[in-house]
Amino acid sequence: ELKQVLTHRKKFITINNEEYYKRCRVQVQGKGVVLRDTIIGKEIKTKKQQLCKVDDFLVAEIDAKVGGFGVVPKELEGAVVSGHYFLFDIDAKQLLPEYLGLIVKTNGFLRQVKSTGSTNYAAIRPHHVMGYKIPLPTIPEQKKIVEVYNEEIDKALRLKGEVENIEQEIETYFLTELGLPPFKIKSKIKGLFTINFMDLERWDFFSTDVRIAQSLSNTNYPVKTIGSTFKIAKRSWDKRNVYQKTFRYIEIGAIDPIKGILRAKPLPVDEAPSRATQTIREGDLIIGTTRPYLKKFAIVGSEYDGDVCSSGFTVIPSSPDYYLPYLMQFLKCAYGIEQLKNRMSGGLYPAITERELKEVKIPLPDIKEQEKIMEKVQIKEKNILSNKALAEKILTEVQEQFEQRIFESHEN
């Protein structure tokens, strides 16, 4: 039982109005303790707070049932938390904080927490925590277990790093082929330069349109607007005119910037969301227009032909006159994203309208050249997908093997 290796610490300090304090919080699903914010004391309403020490075990009384606990990392030494958290000292002679940090992520541990109290919303109390049981190998055995776990996690993290490198390679290659320099958000413009008034979209300080227009003027290809080259599909879908009982719905959250469409949700027609308004076809490009900087763009595969998508997408049909993978790649690069961001409107859910999307400028080689440029991009994207899949597999297997080794061997 944890009461054999933990001690509940109930010590509070009084907040000084003139001092700054780090506040921390615990993420759910056992994802650990992170910085919430750094704030001056006078803005902290509850003046009695608890002081965290590195390697404390921190538990949220309300969120514990959804994995709201973890070990305090060294960067949060001296952070404060309210009385809605419980702090425990760990007996380092019996239990490594790193080992406990791994144990509390497992289903074997979470099952004990979820069974506490009458409902999923019942608060956890310190005596509940002290009663949870964990397998407790010797300290040398705990060190070995943590080492093996971390080695496997490092493999997955290296693969994720390679994914980021390949994504940067794609952007660099793509822009080089178009004769465009890498685009940097923060860039000083030295001296004086002129710009054609017709190319000027906005006058405000925060817009990057001036630099985009300047760079696009140096591209190897003619620059056109999306609206002058690409068609917008108009295939309305209305549940009042549908006679089958169910349909398949694709929302913006179902799009991955690399993998494309991840899923279509089967729904009863009479429960169709108000945003289910348009039909998509194989080969379409669907562009997520709400928060477009999230790059929720995808080419529709044959398995999604005839499905319904959200009104949060603009749909561009395939055509022999243009190559949609090229358009999608441009929109995902810095020059595309910055233009989309500059044309967004709205507060909590900034979006770009169809009219504004049509005004986005794009260097446009002939279709054969578009296809040639995209051949290399698509090879690199396959490497990204392969590395992502392998990293996810390693992370899943490491957790499963760790849990199996710890809990099943203990039960046997």
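Our structure is the block above this text.
Quick caveat: nothing in here was measured; it's all calculated off a predicted structure. (Residues numbered from 1 in each chain as written. Predicted model: local features only at pLDDT ≥ 70, side-chain atom pairs only at ≥ 80, totals over all residues. Heavy atoms only, no water.)

Undergrad: I'd like a rundown of the layout of surface pockets, residues and numbers included.
TA: Empty space left among the atoms is revealed by rolling a probe the size of a water molecule over them. Empty space within the largest pocket amounts to approximately 420 Å³. If you go around the largest pocket, you meet 22 residues; those closest to its centre are V71, P97, E98, G101 and K105. Those elements that place two or more of their residues in the lining of the largest pocket are β4 (32–40), β7 (69–71), α1 (97–103) and α4 (139–177). With four residues, α1 is the single largest residue contributor to the lining of the largest pocket. (1 Å grid on protein atoms, 1.4 Å probe; cavity = no way out; pocket = protein on both sides within 12 Å on 5 of 7 lines; lining within 4 Å. Points joined across faces, edges and corners; volume = space filled by probe spheres on them. Helix = DSSP H or I, 4+ residues; strand = E, 2+ residues; numbered from the N terminus.)

Undergrad: Explain the nonpolar core to me, using residue names and the numbers behind them.
TA: Residues F174, I226, I316, L327 and Y335 are the most contacted members of the largest nonpolar core, which totals 39 residues. Elements with a minimum of two residues in this core: α4, α5 (209–216), β16 (285–288), α7 (324–332), α8 (334–342) and α10 (367–411). Considering each element in turn, this core owes the most residues, six residues, to α7. Setting aside anything within four residues of it in sequence, one finds I316 in contact with I226, F230, K231, I232, A233, D284, L285, I287, Y322, L324 and L327. (Core = buried A, V, L, I, M, F, W, Y, C linked by side-chain atoms within 4.5 Å. Buried < 20%, exposed > 50% of the residue type's maximum accessible area, 1.4 Å probe, protein only. Contact = heavy atoms within 4.5 Å.)

Undergrad: Please provide a residue-by-residue account of the environment of E169, values included.
TA: In this fold, E169 is placed in helix α4. Along the chain, E169 and V377 lie 208 residues apart, while their C-alpha atoms are 9.1 Å from each other.

Undergrad: Describe the sheet that holds strand β6 (residues 57–60), and please don't skip the residues or the numbers.
TA: Ordered by their spatial adjacency, four strands build an open sheet running β1-β9-β6-β7, and the pairing between neighbours is antiparallel. Of all the strands in the sheet, the pair left with one neighbour each is β1 (6–9) and β7. Between one strand and the next, the sheet's axes are offset by a mean angle of 25 degrees, whatever the strand orientation. Pairing geometry for β6 and β7, over three bridges, is antiparallel. (Pairing = 2+ DSSP bridges. Axes fitted to C-alpha atoms, helices over the stretch in contact; angles between N-to-C directions.)

Undergrad: Go over the pairing of strand β5 (residues 48–51) with me, naming the residues and quoting the values.
TA: The side chains of a regular strand alternate between both faces of the sheet. Two strands pair when backbone bridges link them, and strand β2 (residues 12–14) and β5 are joined in this way by three bridges, in the antiparallel orientation. Within β5, the residue paired with I13 across the bridge is Q49. In this sheet, strand β8 (residues 80–81) lies alongside β5 in antiparallel orientation, the contact comprising two bridges. Considered in β8, the bridge of L51 is made with V80.

Undergrad: Can you tell me about the pattern of salt bridges, naming the residues and giving the values?
TA: Per the stated rule, a full pass over the model turns up 17 salt bridges. The salt bridge partner of R23 is D37, with a shortest N-O separation of 2.8 Å. Taken together, the residues R23 in strand β3 (residues 20–27) and D37 in strand β4 connect sequence positions 14 residues apart. Take D37: its relative accessible area is 22%, and that puts it in the partly exposed class. Linking R36 and D37 is a salt bridge whose minimum nitrogen-to-oxygen distance equals 4.0 Å. (Salt bridge = Lys/Arg side-chain N within 4 Å of Asp/Glu carboxyl O.)

Undergrad: Talk me through empty space enclosed by the protein; I want residue IDs and the actual numbers.
TA: Within this structure, the stated rule accounts for two cavities of 30 Å³ or more. Computed from the structure, the second largest cavity encloses a volume of approximately 40 Å³. Along its surface, the second largest cavity is lined by F57, V59, A64, F69, F109, V113, I124, V129 and Y132. The set of elements that each furnish at least two residues to the lining of the second largest cavity consists of β6 and α2 (107–114). Across the lining of the second largest cavity, the residue classes tally to nine nonpolar, no polar and no charged. (Nonpolar A, V, L, I, M, F, W, Y, C, P; charged D, E, K, R; others polar.)

Undergrad: Outline unusual backbone geometry, supporting the account with residue identities and numerical values.
TA: With a phi angle near 45 degrees, R291 is a residue other than glycine that sits in the positive phi range. In this fold, R291 is placed in the loop between β16 and β17 (297–299). Looking at R291, the relative accessible area reads 28%, which means it is partly exposed. The backbone of K295 sits at a positive phi, close to 60 degrees, despite the residue not being glycine. Its place among the elements puts K295 in the loop between β16 and β17. Its relative accessible area of 29% is what places K295 among the partly exposed residues.

Undergrad: I'd like to hear about the sheet that holds strand β11 (residues 246–250), residue by residue, with values.
TA: Pairing within the open sheet is mixed, and its four strands lie in the order β14-β11-β18-β15. Only two strands of the sheet have a single partner each, and these edge strands are β14 (265–268) and β15 (276–279). Ignoring strand direction, the axes of neighbouring strands in this sheet form an average angle of 45 degrees. Direction of pairing for β11 relative to strand β18 (residues 308–310): parallel, over a ladder of two bridges. In the strand pairing of β18, Y249 is matched with V308.

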